[in-house]
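Results of the structural survey
So you can see what is in the structure, the chains are spelled out below.
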Amino acid sequence: MQTIITDSPEEAAEILNAGNVVAFPTETVYGLGACICHPEAVKHIFIAKGRPSDNPLIVHVADTGQIGDVAVGLNEYAVKLIERFFPGPLTVVLQKNPHVPDSVTAGLDTVGVRCPSDPVAHEFLRRACCPVAAPSANISGIPSSTNWETVYKDLAGKISCILRGNPSKIGLESTIVDCTGPVPLLLRTGAVTLEQLQEVVPETIPATHTEKNVVPKSPGLKYPHYAPAASIVLIRHGETVTAAPHSAYIGREEPPKGISIAKSCRSLEEYGKELFSFFRQCDAEGIRVIYCELPENCGLGRAIRDRLQRAAGE
Ligand code: TXA
Ligand code: MG
């Protein structure tokens with residue numbers, strides 16, 4: 001299959017609307033989209049990524065007016081979260097509208113809904129004939145793509161089009177909040193922080209703080225994620241390490257002596273933005289060990305920690 005690369009949201013949407021799979025930029029990570037009205041294209045997403053079919057996809061809308069096409073019966077706090085954080089890096093899990101095919105939601109009666117703020121994503125979604133189901137645009141199990149070049153590396157020849165945009169501003173996947181229970185449950189951390197969610201709905205709790213058997217957990221989170229080929233070693237505050245041969249460092253501290261590549265970040269925001277592209281750079285350069293500063297468990301640090309601990313297999 002030939003993969004067309006275009007800068008035009010209009011051209012990319014035409015290809016999508018014809019029943020094809022198109023990768024597109026968002027402010028979190030790049031997505032791999034198919035219109036939910038084209039179930040064959042939705043199935044092709046799973047094939048192109050090598051994604052297990054029991055892992056549901058997030059549905060992307062151009063604006064809040066489209067949410068009714070995807071979900072029904074929103075409660076009061078869901079409306080508050082949508083009003084505050086859409087468009088942006090938040091996914092809300094809602095009761096699904098029966099029009100959404102089971103292949104999108106892996107048979108669940110809920111659906112994840114997101115409205116990206118990236119202007120290129122917005123232009124693309126606005127021109128799509130219906131809401132767009134999209135997981136992250138990477139081969140299953142490896143770090144998400146935060147620029148079009150890594151989408152190309154993973155998926156060229158397997159998908160119809162890549163809509164080329166800027167590198168993702170945030171670089172970490174969206175925060176996911178289950179809005180179907182009595183209180184919001186934080187299923188996946190991201191750039192919308194727990195603290196920010198609690199400012200809007202103080203009852204919001206992380207899913208891990210509740211009993212496991214009553215939590216509608218995010219099915220995808222049971223699979224290995226975000227792992228580069230190199231081993232990940234986490235450096236806790238105040239810890240020092242002796243660098244192994246062919247090793248790398250990312251974080252806000254002084255890199256250990258003797259490492260081959262270092263990415264020094266001035267802020268947590270920069271750390272989150274650079275993390276996945278650095279993992280991929282290290283793999284391309286044959287790095288064996290990546291030392292990563294483990295930030296504190298609050299604010300954006302919570303999301304970075306989550307990705308690092310998963311990558312380290314903790
Ligand atoms: O930032 C993002 O969220 C990106 C961009 C492209 O929007 N998308 C993304 O999709 O990260 P993906 O498929 O890589 O991760 C989505 C996660 C999976 O773990 C999946 O299991 C979970 O969301 N999910 C989707 N629908 C769900 C639902 N109805 N209930 C619970 N979890 C759901
Ligand atoms: Mg993913």
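Keep in mind that what you see is a predicted model, and the values were worked out from it rather than measured.

Examining helix H3 (residues 76-85)
Residue pairs spaced three or four apart in an α-helix point in one direction, given the helix's 3.6 residues per turn. Buried within H3 we find Tyr77, Ala78, Leu81, Ile82 and Phe85. Projected down its long axis, H3 carries its buried residues within an arc of 140°, all on one side. Opposite the buried face of H3, at more than 90 degrees from it, the exposed residues are Glu76 and Glu83. On its buried face, H3 is in contact with strand E6 (90-96), strand E10 (175-178) and helix H7 (194-200). Where H3 begins, the capping side chain belongs to Asn75, and its oxygen is found 3.4 Å from the backbone nitrogen of Tyr77.

Some thoughts on the side chain of Thr189
Structurally, the position occupied by Thr189 is in the loop between strand E11 (185-188) and H7. Of the residues examined, Thr189 reaches a relative accessible area of 14% and is grouped as buried. Leaving out residues up to four positions away in the same chain, Thr189 has contacts with Glu173, Ser174, Thr175, Arg302, Ala303, Asp306 and Arg307.

Considerations on the packing of helix H1 (residues 9-17) against helix H5 (residues 119-127)
For the pair H1 and H5, interaxial distance at closest approach is 8 Å and the crossing angle is 40°. Viewed along their axes, H1 and H5 adopt a mutual orientation that is oblique. For H1 against H5, the interelement crossing comes out right-handed. Contact residues: H1 offers Pro9, Glu10, Ala12, Ala13, Leu16 and Asn17, while H5 offers Val120, Glu123, Phe124 and Arg127.

What to know about empty space enclosed by the protein
For the coordinates displayed, the defined rule picks out 1 cavity of 30 Å³ or more. The calculated volume of the largest cavity comes to roughly 30 Å³. Residue lining of the largest cavity: Thr175, Leu186, Thr189, Gly190, Val192, Thr193, Leu194, Gly299, Arg302 and Ala303, and that is the complete set. Of the residues assigned to the lining of the largest cavity, the class counts are 4 nonpolar, 5 polar and 1 charged. Lining the lining of the largest cavity are residues from two domains, each supplying at least three of them: domain 1 (4-213) and domain 2 (231-312).

Here we look at the pattern of salt bridges
Applying the stated rule across the entire model yields 15 salt bridges. The salt bridge partner of Lys263 is Glu274, with a shortest N-O separation of 3.8 Å. A residue pair is termed long-range when its members are at least 10 positions apart, and Lys263 in strand E15 (residues 261-264) and Glu274 in helix H8 (residues 268-284) qualify at 11 residues. Under the relative-accessibility criterion, Lys263 is labelled partly exposed at 25%. Accessibility expressed as a relative area gives 18% for Glu274, which makes it buried. Where Arg310 meets Asp306, a salt bridge forms, and the shortest distance between an N and an O atom there is 3.0 Å. Note that Arg310 and Asp306 are positioned in helix H9 (residues 300-311) at a spacing of 4 residues, about one turn of the helix. Salt bridges sharing common partners tie together Glu173, Asp306, Arg307 and Arg310.

Examining the environment of Leu308
By the secondary structure assignment, Leu308 is in helix H9. When the C-alpha atoms of Leu308 and Cys292 are compared, they prove to be 7.7 Å apart, with 16 residues separating the residues in sequence. Every residue in contact with Leu308, bar those within four places of it in the chain, is listed here: Ile232, Leu234, Tyr271, Leu275, Phe279, Cys292, Glu293, Leu294 and Pro295.

Section: unusual backbone geometry
In this chain, Phe86 is followed by Pro87 through a cis amide linkage whose omega measures -10°. Mapped onto the fold, Pro87 is located in the loop between H3 and E6. Within the chain, Ala106 stands out as a residue other than glycine whose phi angle is a positive 55°. By the element assignment, Ala106 lies in the loop between helix H4 (102-105) and strand E7 (110-114). Even without being a glycine, His246 presents a positive backbone phi close to 50°.

As for the domain arrangement of the chain
For the chain, the assigned domains read domain 1 (4-213) and domain 2 (231-312). Facing 23 residues of domain 1, the contacting portion of domain 2 comprises 15 residues. Here domain 1 meets domain 2 over a buried area of about 1500 Å², counting both sides, of which 57% is carbon and sulfur. Three residues stand out in domain 1 for area buried against domain 2, namely Pro143, Leu172 and Thr189, and they jointly supply 37% of the buried area on that side. Run the count over domain 1 and domain 2 and you get 3 salt bridges. In this structure, the salt-bridge partner of Glu173 is Arg307, at a minimum N-O distance of 2.8 Å.

Analysis parameters
- Residues numbered from 1 in each chain as written.
- Chains lettered and ligands numbered in written order.
- Predicted model: local features only at pLDDT ≥ 70, side-chain atom pairs only at ≥ 80, totals over all residues.
- Heavy atoms only, no water.
- Buried < 20%, exposed > 50% of the residue type's maximum accessible area, 1.4 Å probe, protein only.
- Helix = DSSP H or I, 4+ residues; strand = E, 2+ residues; numbered from the N terminus.
- Arc of directions from axis to C-beta.
- Contact = heavy atoms within 4.5 Å.
- Polar contact = N/O pair within 3.5 Å; in protein donor to acceptor, adjacent residues only side chain to side chain.
- Axes fitted to C-alpha atoms, helices over the stretch in contact; angles between N-to-C directions.
- Parallel < 35°, antiparallel > 145°, perpendicular 65-115°, else oblique.
- Left-handed = near helix turned anticlockwise from the far one by under 90°.
- 1 Å grid on protein atoms, 1.4 Å probe; cavity = no way out; pocket = protein on both sides within 12 Å on 5 of 7 lines; lining within 4 Å.
- Points joined across faces, edges and corners; volume = space filled by probe spheres on them.
- Nonpolar A, V, L, I, M, F, W, Y, C, P; charged D, E, K, R; others polar.
- Domains from an automatic or database assignment.
- Salt bridge = Lys/Arg side-chain N within 4 Å of Asp/Glu carboxyl O.
- Buried area = accessible area lost by both parts, 1.4 Å probe.

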